[in-house]
Amino acid sequence: MATFITRRYSRQGLWSLFLVCAFPVHFWTLILVFRDISWLTERTNAWDAIGVASYGMIFAFAESVVIFLVLALLGFLTPKQWEYNRRIAFLGLLILITSGWGMIGQLLFLWNVFLPAQAIQFLRSSSHPLRIIYTVCLIVVTPTVLLPVYAFIRSNRAVMFMQNLMERLALLTTFYLFFDLLGLIVVIIRNIG
Amino acid sequence: MNNRFSRRDFLKLAGLLPASLLAPRLSRMLDAPALAQEKPKNVLVLVFDAFSAYDISLYGYARQTTPNIDRLAKQAVVYHNHFAAGNFTTPGTASLLTGVLPWTHRALNLNGRIADPYVTKSMFSAFKDYYRIAYSHNGFANTFLKQFHNDLDELIPRESLYLESYDSLISTLFKNDDDIASVSWVRSMKVNEEGSAYSLFLSHLYESLQERKIESLKPLFPRGLPTTGLVNPYLLETAIDALGGRLSEIPQPFAGYFHFMPPHHPYRTSREFFNVFKRDGFKPVEKPVDVLADKISKEQPRRRTEYDEFILYCDREFGRLYNYLESSGLLENTWVVLTSDHGEMFERGISGHGSKVLYQPVVRIPLMILEPGRQVRADVHEYTSAVDVLPTLTHLAGQRTPGWTEGVVLPPYAATTPNRNVYVVQAIDNAQYASLTQASTVLVKEDYKLHYYFGYPETTEGELVKLFDIKSDPEELMDLYPSKKGVASELLNELKDKLAEVNKPYL
């Protein structure tokens, strides 16, 4: 098993991949936690609000682990001849693009951005509104995935750029993991009491 | 030994006849020790959360929302002017359980806790020799039940009566902190009304898995399955069946407290009652938007209709429980109390409960006592309070009335009619152990109801006073404060004196 894994990944590479998976998940959780914290404090108290944030960080950590495992498995589908770092950078790129779309999807609701009235009217009048919506989404999303992937395969500069970005994000994510640790301590205290 | 009865003996005994006729009445009036001679009866308190007397047909509501309760009330004592101690679960339930007002037990804030001195002063500590059993769907009420664990023989785990779902995993995993863990879980995994969730990816996966799990029940609940907040789907049927089953197994006498979530929001009735009140021509009394309304809710008629249809679901299940108690013989030796922790309102631009206002729909709640052997309905119109329930129950059970309660034994069981003030307190944003500086309070005396709100920026000069005659104006449409200044200032002074008294320890 160990050999099977080490054929595709180095230990350092897996750690970097975990950090890049944890980054968007924690980033988004923290943004929403900070958005909620005053609301929570008003309705409960500071300790309970910290509790909600702490559990949120623990759940974010668990989600990061799940995503990391899925992505690491996905990495076995990449070409064998790719070197470790290129594979990690590629998987990192995929997770960042997917997270970006995940955030945009939620932000559109949070900012009350909806389709213009004419577009809704058009969809209403069509016989297959869902098919149209999915096709439009595919048209918008596909280039945002394919173009970076193409650049990544063709250009070493893109790989270098991604590796640099991951290094920087790794530092930030380590900081987030420190929050996870604090969250874990809070959760333990709350459950002992 | 001559066993024959002499004329003299007969006359002696005949002299006791009037006394023997009076004895049952006297013993009921004086009664704790006398009742205690009988085999102790069980006590069962059933709370339906956010159940407003305003929307109950038993109390005169135009929609027929409670056919079963109406029917069963024919053998009960029905209280028509019963007040919750607060306008949301925390203060309301804490007062019901401890028999003291929110400014005393200090469970003022959302999910607040009862102050330490009252943790050992509850309904459960008052029934020491009974088998004490409790359950709550509602997490806030469950917080108190956990606080009382030393005085409970059995606390049925909250999640055990939810439908099997992944949410219950969190309650199980974080047993000692399940409320806050659940709140965070909801915010992480459930895409809320704004379209966001802490979790970027798993929230979508979770939703689809969860949907699959309850797929088969969905057709039975066209508005979705009832849930506690946004999580924990449950069926009231499950809880009623479990309660009925458990009560026949446990030792007697028992003192049970069961707190059911319906008709609390979300109002998701079963298919049987879905849309039964839709377009029925019902027109609620129009009332002006209140100065303390947070945001104007435009959907009040629809919400009210859904709420009323959800009440029908509660009523059906209460009827089923009654039938169960009757067929199992438990009803013959059990005092059953039906009540609520607070009401619900759909008027003046405010929907739900827990807002700053204390109008009748949100504070006037049902109280009905089903007395073993009673065949005739008794109606009590005196103003009564949730804090009266505990002393009344101990009195009925022949227990010593706890010295700490601020309530009184209710008529018709009390020797005299209570003549005292009824208070309602809401101080959700006030610090727990500080004097009340931002609160909504009500004083009910004779037929007057004085509202006194203070510390809110929306009010001029930081306070707002209203006075209503709730006998002649039960809808609270005519504010008498400008025209009856004398009465208002007398009541206000009394209320302020009371506030000064309860604030004293925190100054």
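This one's a predicted model, so the numbers in the text were calculated from it and none came from an experiment. (Residues numbered from 1 in each chain as written. Chains lettered and ligands numbered in written order. Predicted model: local features only at pLDDT ≥ 70, side-chain atom pairs only at ≥ 80, totals over all residues. Heavy atoms only, no water.)

S.K.: How do you make sense of the overall build of chain B when you look at a structure like this?
M.R.: From N to C terminus, chain B includes 16 helices and 16 strands. Seen along its three principal axes, the alpha-carbon backbone of chain B occupies a region of about 95 × 60 × 50 Å. Looking at chain B residue by residue over its 507 residues, the buried ones come to 60%. Taking as baseline every contact in chain B between residues at least 6 positions apart, the subset at least 24 positions apart corresponds to 71%. (Helix = DSSP H or I, 4+ residues; strand = E, 2+ residues; numbered from the N terminus. Buried < 20%, exposed > 50% of the residue type's maximum accessible area, 1.4 Å probe, protein only. Contact = heavy atoms within 4.5 Å.)

S.K.: I keep staring at the overall build of chain A and nothing clicks. Help me out?
M.R.: Helices and strands together make up the secondary structure of chain A, namely 7 helices and 0 strands. Mapped from its N terminus to its C terminus, chain A presents α and β elements in the order α-α-α-α-α-α-α. Radius of gyration (C-alpha) of chain A: 20 Å, far over the 16 Å computed for a compact globule of 193 residues. Dimensions of chain A, computed from C-alpha atoms along their principal axes, come out at roughly 60 × 55 × 30 Å. Relative to its full complement of 193 residues, chain A shows a buried share of 39%. In chain A, 14 side chains carry a positive charge and 7 a negative one; their mean positions are 16 Å apart. (Rg over C-alpha atoms; globule rule 2.2 N^0.38 Å. Lys, Arg positive; Asp, Glu negative; His and termini not counted. Charge placed at Lys NZ, Arg CZ, Asp CG, Glu CD.)

S.K.: Sorry, what's going on with the nonpolar core here?
M.R.: Side chains of a nonpolar character, in soluble globular proteins, are inclined to be buried together. Counting 59 residues, the largest nonpolar core has Leu 17, Tyr 55, Phe 90 and Phe 152 of chain A together with Phe 174 of chain B as its most contacted members. In this structure, Ile 69, Ala 76, Ile 250 and Val 336 of chain B belong to the second largest nonpolar core, which totals 56 residues. (Core = buried A, V, L, I, M, F, W, Y, C linked by side-chain atoms within 4.5 Å.)

S.K.: Where do I start with the confidence of the model for chain A in this structure?
M.R.: Looking at chain A as a whole, its pLDDT mean stands at 89, while 98% of the residues score no less than 70. Confidence, read as mean pLDDT per element, is least for helix α1 (residues 2-6) of chain A in chain A (71) and greatest for helix α3 (residues 46-74) of chain A (94). (pLDDT = per-residue confidence, 0-100.)

S.K.: Which parts of the structure should I look at to understand the sheet that holds strand β2 (residues 76-83) of chain B?
M.R.: Strands belonging to one sheet form pairs held by backbone hydrogen bonds; the direction of such a pair is parallel or antiparallel. Residues and elements named next belong to chain B. Strands sit in the order β4-β3-β7-β1-β8-β11-β2-β12 across an open sheet of 8 strands; the sheet is mixed. Pairing within the sheet leaves two strands with one partner each, and these edge strands are β4 (154-155) and β12 (378-385). In this structure, strand β8 (residues 334-339) lies alongside strand β11 (residues 367-370), joined through 4 bridges in antiparallel fashion. Following the sheet pairing, Val 336 is matched in β11 by Leu 370. Sitting on the sheet, helix α13 (residues 300-327) is in contact with β1 (42-48), β8 and β11, with an inclination near 165 degrees to β1. (Pairing = 2+ DSSP bridges. Axes fitted to C-alpha atoms, helices over the stretch in contact; angles between N-to-C directions.)

S.K.: Please clarify how the environment of Glu 306 of chain B should be interpreted in this entry.
M.R.: Residues and elements named next belong to chain B. Along the polypeptide, Glu 306 turns up in helix α13. Separated by 31 residues in the primary sequence, Glu 306 and Asn 275 have C-alpha atoms spaced 7.8 Å apart. Sequence-distant contacts of Glu 306, that is, excluding residues within four places in its chain, are made with Arg 223 and Tyr 267.

S.K.: Help me out: how do you make sense of the interface of chain B and chain A in this one?
M.R.: Note: interface size is frequently given as the accessible area lost on complex formation between the parts. Tallying the contact residues gives 24 residues for chain B and 34 residues for chain A. Taken together, both faces of the contact between chain B and chain A bury some 2,600 Å²; the carbon and sulfur share is 61%. The largest contributions to the chain B side of the interface with chain A come from Tyr 198, Leu 200 and Phe 201 of chain B, which together make up 29% of the buried area. Counting the contacts that link chain B with chain A gives 2 salt bridges. Linking Arg 190 of chain A and Asp 177 of chain B is a salt bridge whose minimum nitrogen-to-oxygen distance equals 2.6 Å. At 7 residues, the largest contribution of residues to the side of chain B that touches chain A is made by helix α10 (residues 178-189) of chain B. Taken together, the residues of the side of chain B that touches chain A sort by class into 12 nonpolar, 7 polar and 5 charged. (Buried area = accessible area lost by both parts, 1.4 Å probe. Salt bridge = Lys/Arg side-chain N within 4 Å of Asp/Glu carboxyl O. Nonpolar A, V, L, I, M, F, W, Y, C, P; charged D, E, K, R; others polar.)

S.K.: Please clarify how the pattern of salt bridges should be interpreted in this entry.
M.R.: Side chains that differ in charge, positive against negative, can pair when their charged atoms come close. Residue and element names in this part refer to chain B. A complete count under the given rule lists 33 salt bridges over all chains for this structure. When the shortest N-O distance is used, the salt bridge between Arg 304 and Asp 55 registers 3.3 Å. Residue Arg 304 is located in helix α13, and its partner Asp 55 is located in the loop between β1 and α4 (67-72); the two are separated by 249 residues in the primary sequence. The class for Arg 304 is buried, based on a relative accessible area of 4%. The partner of Arg 223 in a salt bridge is Glu 309, and the shortest N-O contact between them spans 2.8 Å. Highlighted residues: Arg 223 in the loop between α11 (202-213) and β5 (227-228) and Glu 309 in helix α13, separated in sequence by 86 residues.

S.K.: Can you walk me through the packing of aromatic side chains in this structure?
M.R.: Aromatic ring pairs: the centre-centre distance and the angle between the two ring planes describe each pair. On inspection of all chains with the given rule, the structure shows 31 aromatic pairs over all chains. Considering the side-chain rings of Phe 23 of chain A and Phe 27 of chain A, the 5.7 Å spacing of their centres and the 20 degrees angle between planes classify their relative orientation as stacked. Of the two residues, Phe 23 of chain A and Phe 27 of chain A both sit in helix α2 (residues 11-43), 4 residues apart, roughly one turn of that helix. Overall, Phe 23 of chain A belongs to the buried group, its relative accessible area being 13%. For the ring pair Trp 82 of chain A and Phe 152 of chain A, a centre distance of 6.5 Å and an interplane angle of 55 degrees mean the geometry is tilted. Pair noted here: Trp 82 of chain A is in the loop between α3 and α4 (84-110) and Phe 152 of chain A is in helix α6 (residues 129-154), with a separation of 70 residues, a long-range link. An aromatic cluster of three or more residues is present, and its members are Tyr 55 and Phe 59 of chain A together with Phe 174, Trp 185 and Tyr 206 of chain B. Note that Arg 106 of chain B overlies the ring of Tyr 506 of chain B, its terminal NZ or CZ placed 4.0 Å from the centroid. The ring of Tyr 59 of chain B has Arg 364 of chain B lying over it, and the distance from NZ or CZ to the ring centre is 5.4 Å. (Phe/Tyr/Trp six-rings, centres within 6.5 Å; stacked < 30°, edge-to-face > 60°. Lys NZ or Arg CZ within 6 Å of the ring centre and 35° of its normal.)

S.K.: Explain the pairing of strand β7 (residues 254-260) of chain B to me, please; I cannot follow it from the model alone.
M.R.: Every regular strand shows the same layout, with side chains that alternate between the two sheet faces. Residues and elements named next belong to chain B. Most of β7 is tucked away, with 7 of its 7 residues classed as buried. The side-chain alternation of β7 yields two buried faces, one formed by Phe 254, Gly 256, Phe 258 and Phe 260 and the other by Ala 255, Tyr 257 and His 259. The pairing of β1 with β7 spans 6 bridges and is classified as parallel. Of the residues in β7, the one forming a bridge with Leu 46 is Phe 258. Across 6 bridges, the pairing between strand β3 (residues 131-136) and β7 is parallel. Bridge pairing in β7 links Ala 134 to Tyr 257.

S.K.: Looking at this structure, how should I read the packing of α10 of chain B against α11 of chain B?
M.R.: In a packed pair of helices, the relevant descriptors are the angle between the two axes and the axis-to-axis distance. All names here are of chain B. Interaxial distance between α10 and α11 falls to 8 Å at its minimum, and their mutual angle equals 100 degrees. One element, α10, and the other, α11, form an angle in the roughly perpendicular class. From α10, Trp 185, Ser 188 and Met 189 reach across to α11, where they touch Leu 202, Ser 203, Tyr 206 and Glu 207. In terms of residue class, the contact of α10 with α11 is built from 4 nonpolar, 2 polar and 1 charged. (Parallel < 35°, antiparallel > 145°, perpendicular 65-115°, else oblique.)

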